[in-house]
Amino acid sequence: MAKVKFTAVVADMRNKLNGSVFAINRGGAYVRTKVTPLNPQSVRQVAARNLLTSLAQNFRSLTQEQITAWNEAVTQWQTTDIFGDLVSPTGLALYVRLNANISNAGGTLLTSPPAPVGADALTELSLTATVTGTVYDITFLPAAVPTNHTMYIESTSMLSPGINNANSRFRFIGIAAAAAASPFDAYSFQSAKFGSLVAGQKAYVRCKFINKLTGEVSLALKASAIVGA
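Residues numbered from 1 in each chain as written. Predicted model: local features only at pLDDT ≥ 70, side-chain atom pairs only at ≥ 80, totals over all residues. Heavy atoms only, no water.

(A) Examining the overall build of the chain more closely. Secondary structure summary: the chain contains four helices and 13 strands in total. Here the chain, with 229 residues, has 32% of them falling under the buried criterion. Within the chain, contacts between residues at least 6 apart in sequence are counted, and of these 60% link residues at least 24 apart. On the chain, roughly 12,800 Å² of surface is accessible, and the fraction owed to carbon and sulfur atoms is 55%. (Helix = DSSP H or I, 4+ residues; strand = E, 2+ residues; numbered from the N terminus. Buried < 20%, exposed > 50% of the residue type's maximum accessible area, 1.4 Å probe, protein only. Contact = heavy atoms within 4.5 Å. Areas by Shrake-Rupley, 256 points an atom, 1.4 Å probe, with all protein chains shown as cover.)

The structure is reproduced here in structure tokens:
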């Protein structure tokens, strides 16, 4: 659905409308033809959709008092929309969003809304990968995953060294539990998802911390490495 911001004449327009996509970049506003991506129906995609469906059903099974509490908590969880304006989620959307994050982190689902306290920040990230010794080590700061947090890890397959934007190629490979130390050996995760490392190829990782008690997420950091022999 396209989002339109009106003045006397339209001031801004974003997202999709019929066959067009409205967006903005450094050159200003533009419109392009909408392209529908392939839907591979991967196991991970199906599981993610099933989780969202299950959480929406769970919300409807809460008590009226619990639903009211979620609906009233939304003003504490405002976010900035595409126009830079503050918006509040619905109680249902807030419940699903936080509990989806908690589920991905391996935590216990919430029935009552938490107070926002934030997630600890991931401040540094780097990757070391070599074929010899099957090394796929993620080095990060702080030097261990914080208490009540999980590090959510995404990675890419082996890529050409010339690829500098891998945003569409990240796939979830695993989590590092609280107290897991840096560097974290993610080779078993990487190889299970993408197979063997290839010397001279490039790989990316993207990581973030998830607060298992509230469902809040840190800013994600990315790192890349050319696989050594």
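(B) Looking closely at helix H1 (residues 43-60). If you check H1, its first and last C-alpha atoms are 26 Å apart, about what 18 residues at 1.5 Å a residue would give, namely 26 Å. Restricting attention to buried positions, one finds in H1 the residues Leu55, Ala56 and Phe59. The buried residues of H1 all sit within an arc of 100° when viewed along its axis, so they share a single face. Away from its buried face, by an angle of more than 90 degrees, H1 presents the exposed residues Val43 and Arg60. Among the structural elements, helix H2 (64-73) and helix H3 (91-105) are those in contact with the buried residues of H1. (Expected span 1.5 Å × (residues − 1). Arc of directions from axis to C-beta.)

(C) Region of the structure containing the sheet that holds strand S8 (residues 135-141). Reading across from one edge, S7-S8-S11 is the order of the three strands in this open sheet, with antiparallel pairing throughout. The strands lining the two open edges of the sheet, one partner per strand, are strand S7 (124-130) and strand S11 (184-185). As defined by bridge partners, S7 adjoins S8 across seven bridges and the pair is classed as antiparallel. Across the sheet, the residue bridging to leucine 127 is isoleucine 138, located in S8. (Pairing = 2+ DSSP bridges.)

(D) Region of interest: the packing of H2 against H3. Where H2 contacts H3, the two axes come as close as 8 Å, and the packing angle between them is 90°. Viewed along their axes, H2 and H3 adopt a mutual orientation that is roughly perpendicular. From H2, Trp70, Asn71 and Ala73 reach across to H3, where they touch Gly91, Leu92, Leu94, Tyr95, Leu98 and Asn99. Taken together, the residues of the contact of H2 with H3 break down into six nonpolar, three polar and no charged. (Axes fitted to C-alpha atoms, helices over the stretch in contact; angles between N-to-C directions. Parallel < 35°, antiparallel > 145°, perpendicular 65-115°, else oblique. Nonpolar A, V, L, I, M, F, W, Y, C, P; charged D, E, K, R; others polar.)

(E) How the structure looks around the environment of lysine 16. As for its position among the elements, lysine 16 is in strand S2 (residues 10-17). Classification of lysine 16 as partly exposed rests on a relative accessible area of 40%. Along the backbone, lysine 16 and arginine 32 are 16 residues apart, and their C-alpha atoms lie at a distance of 9.6 Å.

(F) Main features of the pairing of S8. Only one face of S8 is covered, namely the one carrying Tyr136, Ile138 and Phe140; the face carrying Val135, Asp137, Thr139 and Leu141 has none of its residues buried. Two successive antiparallel strands, S7 and S8, enclose a turn made up of four residues, where glycine 133 displays a positive phi of approximately 85°. Pairing of S8 with S11, which is carried by two bridges, proceeds in the antiparallel orientation. Within S11, the residue paired with isoleucine 138 across the bridge is phenylalanine 184.

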